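Close look at the chain arrangement
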Amino acid sequence: MLLSKGESHIENGGLFLGQCEIHSVSSLVCTQPGPNMTRRGRHELNGCLFFSDPRAAGQAAAVQSCCAEMSVYPQFRRKSKGIAARSAGDWAMNRFLGIFFQTGRNLSKTVAHSSHGGSAEGRLSMNKPLRTKHLSKSARRKLEAEAVSPVVRLKAEAGQAFVEADYKRARDLASQALMFEPDNATLHAEIASSFMQEKKYELALKHLMGALKLEPLNPKWLSAIGTILFLMDRLGDAVGFFETVYQLNPENAMNVSRLVQSQMNLCDWSVYDDQKNKLRILDNDPANGDPFTTLLYVDDGGFQKKRVVSKTKKKATISERKVTRKFDRTPVAGRKIRVGYFSCDFFNHATMFLMARHFELHDRDKFEIFIYDYSEEPDNVMRQRVLRSADCYRQIQGRKDEDVAVLAREDGLDIAIDLKGYTKDARPAIFGFRVAPVQISYLGYPSTTGMPTMDYFLADAITVPKEGRRHFSEKILYMPNCYQVNDNSRQYPETRPTRADMGLPEDAVVFCSFNNHNKVSPVEFDIWMDLLKQVDNSVLWFLAASDIVRANILKEAEARGVFADRIVFAGRCSTPDHVARLSLADIFLDTFACNAHTTASEMLWSGVPVVTKPGEQFAARVAASIVSAVGCPELIAETDEEYHALALRLATQPEELQALREKLKANIATTPLYNTEQYVRDFEALIEKAILRYDNGLKPDHLSLAEGKV
């Protein structure tokens, strides 16, 4: 590649120049040195070979410009003054370049420090610092006080504004800097980042395309464009960008995570073709990527723990420095226990459909309930139901994590309960600042948080057996029955659709998969297609809203010898309408790596048997706990073969299937799964045990309501 005017090449701390004017040290871009370069001796430093061209046009202006920028740093000042004065000569240019070579890395590091927020491209690493002993203290102070060049100042201020979440100011400053450096792709990317923070995705995409135009094969810009398209729900387009980055930079764990997530959301099962390699990449860089994605991708509790522990380690170190471990409080004996619930799901969300009755049944003589809500949802019926059950409601949307922690401490919480984990819009960093003496992860996220400040995880003996504890950084609070709460005040729908309304054959055996489609893998799907081929007049009722997902599922079915008319798709609808249609199914077929959660209890409540196979990680054992709590452990299969055989038997033995449905209907009212009153009493006793342990000066430990060692 020829080196054109205005370009240069940086490699291992050395600078290669062609016919160019240097306008700003921070605007150098990497290319290959061109043929117009004149070798002026062999300069070696740290193994690098350097060139210069004293005939380059405008060399005096080049030296003046660079020296002006470098002169703000004491170690460059004395030499640069002399060089600027004699810059017209060949000796001056070569002498300048010699100084620049030795200080290039140091300058880049210094500029990086001045910008606070950093940049999207990263910085050159710093070599050992230059000596400044030849300058007096007063001279150094004077030089350090002098103003930097406009471009460096604008970049630094933009970075600081971004850190302070003043995105409009950051954008304005970066735009001003772009006027000086119109070919700086990094500035385009930084402007895009500010738009992304404000969820202005179209504008962010525009500026990232500007960066990509300047650097067409830069994996950072390609991956960032893919991310924006993902956030805009343009998954098909996003996959193309992520796959390109996977070819250019295959070890990029963040990109791999996003590629996996996008393909699973599309039921594009080519994601499993090189699963081992993708898992290796994610394992090598566990701090990057979305933890929830890998829960769906692989059933491996140890793998999940390693990823989240690494992900939270750096943030935990930062927040730990600001944590005041002492709480201004008295022990809970003789007073109400203050419990705070943190979430952004206080609306018509699956978590609230499970928990609404839970809030209403809290013992208000023993507990004082605080709600910390950071959702952007408008007011709604479910939120009002929760509010009526709380003593104090705090709207914390827009507040910084540290400020929320301060607020919760001022409220005097004894126990803080996180209902989100790493699900959408979660804010786990709040708990890094230690908002309460006891902190508990509960219900929303089916795995460990990996946070050293999260004391407990609420589970049961099926979801976390003793051998599964090693996969959690938290200690386990063991509920005596299922960990999942349910609302027994829920009413059965007054009107229900017919099979004809849903496009289902009236006399067919209806297998049902109403899990989110991204939980489905080829392993389960192989079994489901075999069942369709073995059970005459049967269909699979599959929940999928988008055309591309439906097309992919039909393609996979046809590849297994099953015609498209054996798949009946269900779309998204309101929760009441969704619940009303559930009883039309005959048998619910569970997914493996991540089971049905809310869906499983809803299916059982509707009288539909749930066939499940427990795996290793918590998410893969949830449905086994749920069917056990409703008194139907016979629905649990231990192997793929048992899963297939159980579903086949129920489908071909209508008397057994009917007896099981009647058993479920009777058990809803008599078993623990929907005994919300008993659940809340057990829950309260368990968290009270945790705070009493703290008040007694004891560290967190595995706890249950039974006597003795857990």
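In the block above lies the structure referred to throughout.
The rules behind the values
Residues numbered from 1 in each chain as written. Predicted model: local features only at pLDDT ≥ 70, side-chain atom pairs only at ≥ 80, totals over all residues. Heavy atoms only, no water. Helix = DSSP H or I, 4+ residues; strand = E, 2+ residues; numbered from the N terminus. Buried < 20%, exposed > 50% of the residue type's maximum accessible area, 1.4 Å probe, protein only. Contact = heavy atoms within 4.5 Å. 1 Å grid on protein atoms, 1.4 Å probe; cavity = no way out; pocket = protein on both sides within 12 Å on 5 of 7 lines; lining within 4 Å. Points joined across faces, edges and corners; volume = space filled by probe spheres on them. Nonpolar A, V, L, I, M, F, W, Y, C, P; charged D, E, K, R; others polar. Pairing = 2+ DSSP bridges. Phe/Tyr/Trp six-rings, centres within 6.5 Å; stacked < 30°, edge-to-face > 60°. Lys NZ or Arg CZ within 6 Å of the ring centre and 35° of its normal. Salt bridge = Lys/Arg side-chain N within 4 Å of Asp/Glu carboxyl O.

**Some remarks on the overall build of the chain**
When helices and strands are counted, the chain shows 26 helices and 17 strands. Here the chain holds 710 residues, and 54% of them are scored as buried. Long-range contacts, defined here as pairs at least 24 residues apart, represent 67% of the contacts in the chain between residues at least 6 apart.

**A few points about empty space enclosed by the protein**
Going through the model one piece at a time under the given rule, you end up with five cavities of 30 Å³ or more. The calculated volume of the largest cavity comes to roughly 90 Å³. A class-by-class count of the residues in the lining of the largest cavity yields seven nonpolar, seven polar and two charged. Every residue along the wall of the second largest cavity is listed here: Met479, Pro480, Asn481, Cys482, Gln484, Pro672, Leu673, Asn675, Gln678, Tyr679 and Asp682.

**Some thoughts on unusual backbone geometry**
For Lys199, which is not a glycine, the phi torsion comes out positive at approximately 60°. Structurally, the position occupied by Lys199 is in the loop between helix 7 (185–197) and helix 8 (201–214). By relative accessible area, which is 47% here, Lys199 ends up partly exposed. For Asn537, which is not glycine, the phi dihedral falls at a positive 55°. Here Asn537 shows up in the loop between helix 19 (522–534) and strand 13 (538–543). A relative accessible area of 42% means that Asn537 is categorised as partly exposed.

**Notes on the sheet that holds strand 12 (residues 509–513)**
Hydrogen bonds between backbone atoms are what pair the strands of a sheet, whose relative direction is either parallel or antiparallel. Across the sheet, which stays open at both edges, the five strands sit in the order 14-13-12-15-16 with parallel pairing between neighbours. Unpaired on one side and paired on the other, strand 14 (567–570) and strand 16 (610–611) mark the two borders of the sheet. As judged from the four bridges shared by strand 13 and strand 14, these two strands associate in the parallel manner. Each bridged residue has a counterpart across the sheet, and for Leu543 the counterpart in strand 14 is Ala570.

**Observations regarding the packing of aromatic side chains**
Tallied over the entire structure, the rule returns 20 aromatic pairs. Consider the rings of Tyr341 and Phe359, whose centres lie 4.9 Å apart with planes at 80°: the pair is edge-to-face. Of this pair, Tyr341 sits in strand 5 (residues 337–343) while Phe359 is found in helix 15 (residues 350–360), placing the two residues 18 residues apart along the sequence. For the residue pair Tyr341 and Phe359, the accessibility class agrees, reading buried in each case. When the centroid spacing of 4.9 Å and the interplanar angle of 85° are considered together, the rings of Phe592 and Tyr643 count as edge-to-face. Remark: Tyr643 occurs in helix 24 (residues 640–652) and Phe592 occurs in the loop between strand 15 (587–589) and helix 22 (598–605); sequence separation between them is 51 residues. Members of the aromatic cluster, connected to one another through ring pairs, are Phe342, Phe370, Tyr372 and Phe431. Over the aromatic face of Tyr374 sits the side chain of Arg427, whose NZ or CZ is 5.3 Å from the ring centroid.

**Regarding the layout of surface pockets**
A volume near 420 Å³ is recorded for the second largest pocket. Phe353, Met382, Arg490, Thr575 and Pro576 are the residues nearest the centre of the second largest pocket, which is lined by 16 residues in total. Secondary structure elements with two or more residues in the lining of the second largest pocket: helix 15, helix 16 (381–388) and helix 21 (575–581).

**Focus: the sheet that holds strand 17 (residues 703–704)**
Reading across the sheet, the eight strands line up as 7-6-5-8-9-10-11-17 and stay open at both edges, with parallel pairing between neighbours. Every interior strand has two partners, whereas the edge strands, strand 7 (392–395) and strand 17, have only one. Taken together, the four bridges between strand 6 (residues 367–373) and strand 7 define a ladder with parallel strand orientation. Paired with Phe370 across the bridge in strand 7 is Cys392.

**Points about the pattern of salt bridges**
Under the criterion given, the structure shown has 37 salt bridges. Between Lys200 and Glu198 there is a salt bridge, with the nearest N and O atoms lying 3.3 Å from each other. Lys200 sits in the partly exposed class, given a relative accessible area of 38%. Of the charged contacts in the structure, one is a salt bridge between Glu251 and Arg280, with a shortest N-O distance of 2.9 Å. Taken together, the residues Glu251 in the loop between helix 10 (235–248) and helix 11 (253–265) and Arg280 in helix 12 (residues 275–284) connect sequence positions 29 residues apart.

**Description of the pairing of strand 8 (residues 415–418)**
Looking down a regular strand, the side chains alternate between one sheet face and the other. Where burial is concerned, the two faces of strand 8 agree: the one with Ile415 and Ile417 and the one with Ala416 and Asp418 are both buried. In the sheet, strand 5 pairs with strand 8 via four bridges, with the strands oriented parallel. Bridge pairing links Val339 to Ile415 in strand 8. The sheet contact formed by strand 8 and strand 9 (residues 438–441) spans four bridges and is parallel. Residue pairing for strand 9: Ile415 is matched across the bridge by Val438.

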